[in-house]
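# Examination of the molecular architecture
For reference, the chains in residue letters:
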Amino acid sequence: MHLPEKAFTHGGKFHADDVFSAALLKLCRPDITILRGYQVPDGFDGLVFDIGDGPFDHHAKSSPVRENGVPYAAFGLLWRELGPTLIHPDDARRFDEGFVQPLDLDDNTGCGNQLANSIMAYNPVWDSTDSPDACFEKAVEVARDLLDHKLESIRAIRRAEEEVRAALAKCRHGVVRMRRFAPWKQYLIPSKAKFVVFPSQRGGWCAQAIPAGFGTQALKVAFPRAWAGAREDELPAISGIETLRFCHAGRFLITTGTEEDAITACETAMAFGER
């Protein structure tokens, strides 16, 4: 999709929809100029969004709706075109489901969304003399920075695939050992692995229980209940593992002084078989 040098959207009070639409356009073309007003200028030769009943507006009766029933807003319509050029198409689809659709739904229904409410807080308050356009630009910069970081984190997950799959290929007794941390959930959740072990940023080692599926807090195997939230000076006696330092109250994460003890902790948890 070719992006022109300028774009136009509605003036006045802004919402997460038009703000993130502008942020997305600026990510794709940093030099784009975004104008605001209450009517599209005659003969405007740029891209128009969230106003004007064009391909990137969603206020007409015939506005498109996703197969799952979530109606598109301007952000979703632009993401449908531009998202797969920024990240892998499969990732773009998942990002639409998890990030774009809640904002589109809020804009179309007023259902309420914390991120949308946070962006709207950048509007001038009722007795302010601040320029709405200046406030819009500030909100767009915030949204652009957030969007940029979100997309880079997704690219990082994609870059980690080779390293995580190589570690998975060497999985023994349900434990994956990694030489350094890398985003692993997308690749290990569907696998038969139960735990992943990797060096801690604070020194020592971490072991993490792998969730039973995407979008759930359930674990394939949890660390023992007796360890959960216990003090550092109590854990070695409770567990029989000399360098066990910490076990999260949620039973999904432990830290140890050595890699061997981290692996032992995972093997002990599997022997308990608790979930």
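Residues numbered from 1 in each chain as written. Predicted model: local features only at pLDDT ≥ 70, side-chain atom pairs only at ≥ 80, totals over all residues. Heavy atoms only, no water.

## Considerations on the sheet that holds strand E8 (residues 253-256)
Put simply, the rule reads: Whether two strands pair comes down to DSSP finding at least two bridges between them. Counting from the N terminus, the helices are DSSP H or I runs at least four residues long and the strands are E runs at least two residues long. Whenever a helix is involved, its axis is fitted only over the stretch in contact; in every case the axis is a line through C-alpha atoms, and angles between N-to-C directions fall within 0 to 180 degrees. Here a residue-residue contact requires only that any non-hydrogen atoms of the pair lie within 4.5 Å.
Spatially, five strands are ordered E4-E5-E6-E8-E7 in an open sheet, and the strand pairing comes out mixed. Both outer strands of the open sheet, strand E4 (175-177) and strand E7 (244-247), are each paired with one neighbouring strand and no more. Averaged over all neighbouring strand pairs, the angle between strand axes comes to 20°, with direction disregarded. The strands touched by helix H9 (residues 259-272) within the sheet are E4, strand E5 (195-199), strand E6 (205-209) and E8, with E5 carrying the most contacts at an inclination of about 165°.

## Overview of the nonpolar core
Definition in use: Definition of nonpolar core: a set of buried residues of the types Ala, Val, Leu, Ile, Met, Phe, Trp, Tyr and Cys, connected through side-chain atoms within 4.5 Å. Summary of the burial criterion: residues with accessible area below 20% of their type's maximum are buried, those above 50% are exposed, and those between are partly exposed, where the area comes from a 1.4 Å probe applied to protein chains only.
Core analysis: the biggest nonpolar cluster contains 37 residues, and Leu 25, Phe 49 and Phe 95 have the highest contact counts within it. When residues of this core are traced back to their parent elements, those giving at least two are helix H1 (16-28), helix H2 (74-86), helix H3 (89-109), helix H4 (114-120) and helix H5 (132-159). Among the elements that take part in this core, H5 stands out by supplying eight residues, more than any other. Setting aside residues no more than four positions away along its own chain, Leu 25 makes contact with Leu 3, Ala 7, Ile 32, Leu 47, Phe 49, Leu 78 and Leu 82. Formed by 22 residues, the second largest nonpolar core is a distinct cluster that contains Phe 223, Ile 254, Ile 263 and Ala 269.

## Structural notes on the sheet that holds strand E3 (residues 47-48)
Spatially, three strands are ordered E2-E1-E3 in an open sheet, and the strand pairing comes out parallel. In this open sheet, the two strands that pair with only one neighbour each are strand E2 (33-37) and E3. Judged from the two bridges that link them, strand E1 (residues 6-10) and E3 form a sheet pairing that is parallel. Opposite Ala 7, over in E3, you have Leu 47 as the bridge partner. Contacts from H1 reach E1, E2 and E3 within the one sheet, and its direction differs from that of E1 by about 175°.

## Re the side chain of Asp 106
Spelled out, the test is: Just so you know, the count uses Lys and Arg for positive and Asp and Glu for negative, and it drops His and the chain ends. One side-chain nitrogen of Lys or Arg within 4 Å of one carboxyl oxygen of Asp or Glu is enough to make a salt bridge.
Counting through the fold element by element, Asp 106 comes out in helix H3. Notably, Asp 106 is buried but unbridged: the nearest opposite-charge side chain belongs to Lys 13, and the N-O separation is 10 Å. Sequence-distant contacts of Asp 106, that is, excluding residues within four places in its chain, are made with Cys 111, Gly 112, Asn 113 and Ala 116.

## Regarding the packing of aromatic side chains
What counts, and what does not: Aromatic rings from Phe, Tyr and Trp, with only the six-membered ring used for Trp, were paired whenever their centres fell within 6.5 Å, and each pair was classed as stacked if the ring planes differed by under 30 degrees, edge-to-face if by over 60, and tilted otherwise. Lysine and arginine charges are scored as sitting over a ring when NZ or CZ, respectively, is within 6 Å of the ring centre and within 35 degrees of the ring normal.
The full count for this structure, using the stated rule, is 10 aromatic pairs. Of the aromatic side chains, those joined through ring pairs into one cluster are Phe 20, Phe 75, Trp 79, Phe 95 and Phe 99. The cationic tip of Arg 36 hangs over the ring face of Phe 136; the distance from NZ or CZ to the ring centre is 4.4 Å. Seen from the ring of Tyr 72, Arg 66 lies directly overhead, with NZ or CZ sitting 4.0 Å from the centre.

## Let's talk about unusual backbone geometry
Negative phi characterises most residues that are not glycine, and trans characterises most peptide bonds. Phi is positive for Asp 50, which is not a glycine, with a value near 65°. Along the polypeptide, Asp 50 turns up in the loop between E3 and H2. Located in the positive-phi region is Asp 53, a residue other than glycine, with phi close to 60°. Position of Asp 53 relative to the elements: it lies in the loop between E3 and H2.

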